[in-house]
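Examining the three-dimensional arrangement
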Amino acid sequence: MSSVLYDVPGPKARRVSRIGSVIGSLLIVGLLAWIASTLAQQGIFEGRRWAIFTRADVWTLLGNGIGATLSAAAVAAVIAFPLGLLLCLLRISDVAAIRIPVRIVLEFLRGMPVVLMMFFVLLVFGTNQFIAVVAGLVLYNAAVFAEIIRAGIQSLPKGQREAGLTVGLTSFQSRMIIELPQAVRRMMPSLVAQLVVLLKDTSLGYIVAYGELLRAVQVMADFLGTQFLFPIFFVAAAIYIAINICVSRIAVWIERRGTTKAAGGVAKAEPAAVETAAK
Amino acid sequence: MDVIIENLPLYWNGFLRTLFLSTVSGVIALFVGTLLAAARVSPVAALRGFSTAYVEILRNTPLTIAFFFAAIVLPRLGVKFEQFEVAAIIALSAYTAAFIAEAVRSGVNSVPVGQAEAARSIGMNFGQVLSLIILPQALRTVIPPLINILIALVKNSSVAGAFFVLELFGYGRQLANANGDQVLAVLLGVAFFYLLITVPLGILASTVERKVAIAR
């Protein structure tokens, strides 16, 4: 692999780099070995601790946890996206009396911790945990979707809207028929990246006692004994991360596909950067 | 309203604790994240591999899992913390560092190739190119996304409230349990204090963005 930051390595540099790589790998392997030996002293690798995974009920509980996680994420995504579209349309409305209040609401929602919103719905409206988790996710993500789509609409060439209005479409028709389809296609990578965030945020359901994957881990550890906490946690975390990496890969794939075929087919889209906001 | 005014000292304590958690984790994450980004573009393959794996795994780990690991699993494995703040800071900074690394790396990629070529042609080595030429420019262009990551960090610190740390959200939970009839006011008070941090940071981000846009 060559890079503009350094010369294509010559024989000496290659040797230095190889030695560096070996030392670096040894350090990492050493660190892992140290962690493993610490764990082994705790008896983590004893067969009986991992034997619980031969039990069907453990997998049933884990499966229920995954199901609860995915169903909350799916329901929230399905509601949040249309709501985000609606909020976006209101946010860019020509009428200031609509635009400004919506803007304040969006800023408010985006500035809130998601877990606080879940907690709020849970206590103030006295709903069950599932509804609280979904409502918290919907409120936050709809606001983020609205902002992403708005950025997409603003990135369109002005001529798109002007042309729409010129052929006699109303302002609303132009938004719906001309601008939104292009904006959504153009922002697809960011929208899918936000879906990953939404999926990750379902784990906040743990805090409001929703029976998702992490809560299932806690329940099993409480029930079976804390010596099983690490094995169960390890497996559950691996499942969670694997699901998220799969969805992230889809986002990267869509991004790559979108940059080869110019999104919208009119103006070549800038290589859309997948949003890296940490939430 | 009364419940907010009566408990203003508690809110204030929580606010300061949230600010403390976010600041310490933010500084650590900025430092570690920049190092990770530097490792990601370095000539040494092992460093590149490590950095890539770290970023990929941590970015796809739900924050709650990171907290659960730091606050509940680690102590069972014999790593005892004097205070749970330490666990919270470990989880928050390890998680945020991955996002900072990605942002800084995209900044490094945005620096024109000619800059690196010019630096190398006057004989600078990799460390000099990166620290004197590339990173100062890269960090400048990624200030707005970095601020957005820090805003997310402030909001993420609320998860600590569920893992034995009494910060804004933690106090909010206590107050909500103690004043069952005034939950709405209690939680709106918590929301207000979060907005007190996140809204100014958001305005700062968009201002900086506009300034940088003019400069380029």
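The written sequence of each chain sets the order in which its residues are numbered from 1. Here chains are named by letter from A upward and ligands by number from 1 upward, in the order in which they appear as written. Per-residue local features are limited, in this predicted model, to residues with pLDDT of at least 70; the limit for side-chain atom pairs, both in listing and counting, is 80 or more; totals at the level of whole chains, interfaces and linings are taken over all residues. Side-chain calculation: all heavy atoms of the structure are included, whereas hydrogens and water are not.

1. Notes on the interface of chain B and chain A
What counts here: The contact criterion used throughout is that any non-hydrogen atoms of two residues lie within 4.5 Å. Note: buried area is the sum, over both parts, of the accessible area (probe 1.4 Å) each one loses when the two are combined. Counted as salt bridges are all cases of a side-chain nitrogen of Lys or Arg within 4 Å of a carboxyl oxygen of Asp or Glu.
Each side of the interface is counted separately: chain B has 56 residues, and chain A has 51 residues. Carbon and sulfur atoms supply 74% of the area buried between chain B and chain A, which totals about 4700 Å² over both sides. Taken together, the connections running from chain B to chain A amount to one salt bridge. For the salt bridge of Glu56 of chain B with Arg249 of chain A, the shortest nitrogen-to-oxygen distance reads 2.8 Å.

2. A word on the pattern of salt bridges
What counts, and what does not: Numbering goes from the N terminus for both helices and strands, where a helix is a DSSP run of H or I of at least four residues and a strand is a run of E of at least two. Remark: exposure states derive from per-residue accessible area (1.4 Å probe, protein chains only) relative to the maximum for the residue type, with buried under 20%, exposed over 50%, and partly exposed in between.
A complete count under the given rule lists eleven salt bridges over all chains for this structure. Linking Arg161 of chain A and Asp94 of chain A is a salt bridge whose minimum nitrogen-to-oxygen distance equals 3.9 Å. Pair noted here: Arg161 of chain A is in helix H7 (residues 158-166) and Asp94 of chain A is in the loop between helix H3 (56-91) and helix H4 (96-110), with a separation of 67 residues, a long-range link. For Asp94 of chain A, a relative accessible area of 55% corresponds to the exposed category. Close ionic contact of Arg105 of chain B with Glu102 of chain B constitutes a salt bridge, the shortest N to O distance being 3.3 Å. Of this pair, Arg105 of chain B and Glu102 of chain B both sit in helix H5 (residues 84-110), three residues apart, roughly one helical turn. Taken together, the shared-partner salt bridges connect Asp94, Arg161, Arg175 and Glu179 of chain A into one network.

3. Focus on helix H7 (residues 126-141) of chain B
All names here are of chain B. Rules: Here, expected helix span is obtained from the residue count minus one, scaled by 1.5 Å. Bending is quantified residue by residue as the angle between axes fitted to the seven-residue window ending at that residue and the seven-residue window starting at it. Whenever two N or O atoms come within 3.5 Å, that pair is a polar contact, provided that in protein one can donate a hydrogen and the other can accept it, and provided that, for residues adjacent in sequence, both atoms are side-chain atoms.
Over its 16 residues, H7 runs 21 Å from end to end, which matches the ideal 22 Å to within 8%, given 1.5 Å per residue. The principal kink in H7, of about 45 degrees, is found at Ile134, preceding the proline Pro136 by one to four residues. All of the buried residues along H7 are Phe126, Val129, Leu130, Ile134, Leu135, Gln137 and Ala138. Measuring from the side-chain oxygen of the N-cap residue of H7 to the backbone nitrogen of Gly127 gives 3.2 Å; that N-cap residue is Asn125.

4. Comments concerning the domain arrangement of chain A
What counts here: For every domain, the bounds stem from an assignment made automatically or drawn from a database.
The domain boundaries assigned to chain A delineate domain 1 (1-41) and domain 2 (52-260). Between the C-alpha centres of domain 1 of chain A and domain 2 of chain A the distance comes to 38 Å.

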